[in-house]
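Letter by letter, the chains look like this.
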Amino acid sequence: MSGRERRPVGALIADLLDACDAAADIVERGKTAWNEDRLHPLAGEAVVGRLGDAAAKLPTQVTDAIPEVPWSDVIGLRIRVDHVYHRLDYDTMWETLYRDVPALRAAVSSWRTRDSQ
């Protein structure tokens, strides 16, 4: 696949939901594991990166149809994780995975259900 080919919206949505599920797996392990095992925050960075990458590739008709998601924040966090990783606040990232990603998953899942009807 060349870099110019667009992935189908369904594949991008599947990527988003898969990353949301990975975030849930991280959160399920608990805040103590997050604080004590450096691999957990690094995994959180990867999840945020995947969310932002998939979000950036979604067509505007999809993002406009899910206005409750702050898409620019999702994309912007990926940019911060990729380029300003040395200044990340891991407590804030935990809160993002714990609170915001489930809301993202719910909004995208709801849209997917509405869109398929």
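Conventions used here
Residues numbered from 1 in each chain as written. Predicted model: local features only at pLDDT ≥ 70, side-chain atom pairs only at ≥ 80, totals over all residues. Heavy atoms only, no water. 1 Å grid on protein atoms, 1.4 Å probe; cavity = no way out; pocket = protein on both sides within 12 Å on 5 of 7 lines; lining within 4 Å. Points joined across faces, edges and corners; volume = space filled by probe spheres on them. Helix = DSSP H or I, 4+ residues; strand = E, 2+ residues; numbered from the N terminus. Nonpolar A, V, L, I, M, F, W, Y, C, P; charged D, E, K, R; others polar. Axes fitted to C-alpha atoms, helices over the stretch in contact; angles between N-to-C directions. Parallel < 35°, antiparallel > 145°, perpendicular 65-115°, else oblique. Left-handed = near helix turned anticlockwise from the far one by under 90°. Contact = heavy atoms within 4.5 Å. Core = buried A, V, L, I, M, F, W, Y, C linked by side-chain atoms within 4.5 Å. Buried < 20%, exposed > 50% of the residue type's maximum accessible area, 1.4 Å probe, protein only.

J.: Help me out: how do you make sense of the layout of surface pockets in this one?
T.: A water-sized probe, rolled over the atoms, reveals where empty space remains. The space that makes up the largest pocket amounts to roughly 440 Å³. Lining the largest pocket we find 20 residues, and of these Asp73, Val74, Leu77, Thr96 and Asp100 sit closest to its centre. Going through the elements one at a time, helix H3 (39–57), helix H5 (71–83) and helix H6 (90–115) are the ones with two or more residues in the lining of the largest pocket. Tallying contributions element by element places H6 first for the lining of the largest pocket, with eight residues. A per-class count over the lining of the largest pocket returns twelve nonpolar, three polar and five charged.

J.: When you look at the packing of H3 against H6 in this model, what are you seeing that I'm missing?
T.: For any two helices packed against each other, one specifies the inter-axial angle together with the distance between the axes. Between H3 and H6, the shortest axis-to-axis distance is 11 Å and the interhelical angle comes to 45 degrees. Looking at the two axes, H3 sits oblique to H6. Considering how the two elements wind past one another, H3 and H6 form a crossing that is left-handed. Touching Pro41, Gly44, Glu45, Val47, Val48 and Leu51 of H3 are Tyr90, Met93, Leu97, Val101 and Leu104, all from H6. Classifying every residue of the contact of H3 with H6 by side-chain character gives nine nonpolar, one polar and one charged.

J.: Can you help me understand the side chain of His40 in this one?
T.: Residue position: His40 is located in helix H3. With near-sequence residues (within four places) excluded, His40 lies in contact with Ile26, Arg29, Ala33 and Trp34.

J.: Whenever I open this one, the nonpolar core confuses me. Can you help?
T.: Counting residues in each nonpolar core, the largest one holds 32 residues, and the members touching the most others are Ile13, Leu16, Leu51, Ile66, Trp71, Leu97 and Val108. Of all the elements in the fold, those that place two or more residues in this core are helix H1 (9–28), H3, H5 and H6. With nine residues, H1 is the single largest residue contributor to this core. Leaving out residues up to four positions away in the same chain, Ile66 has contacts with Trp71, Ala107, Val108 and Trp111.

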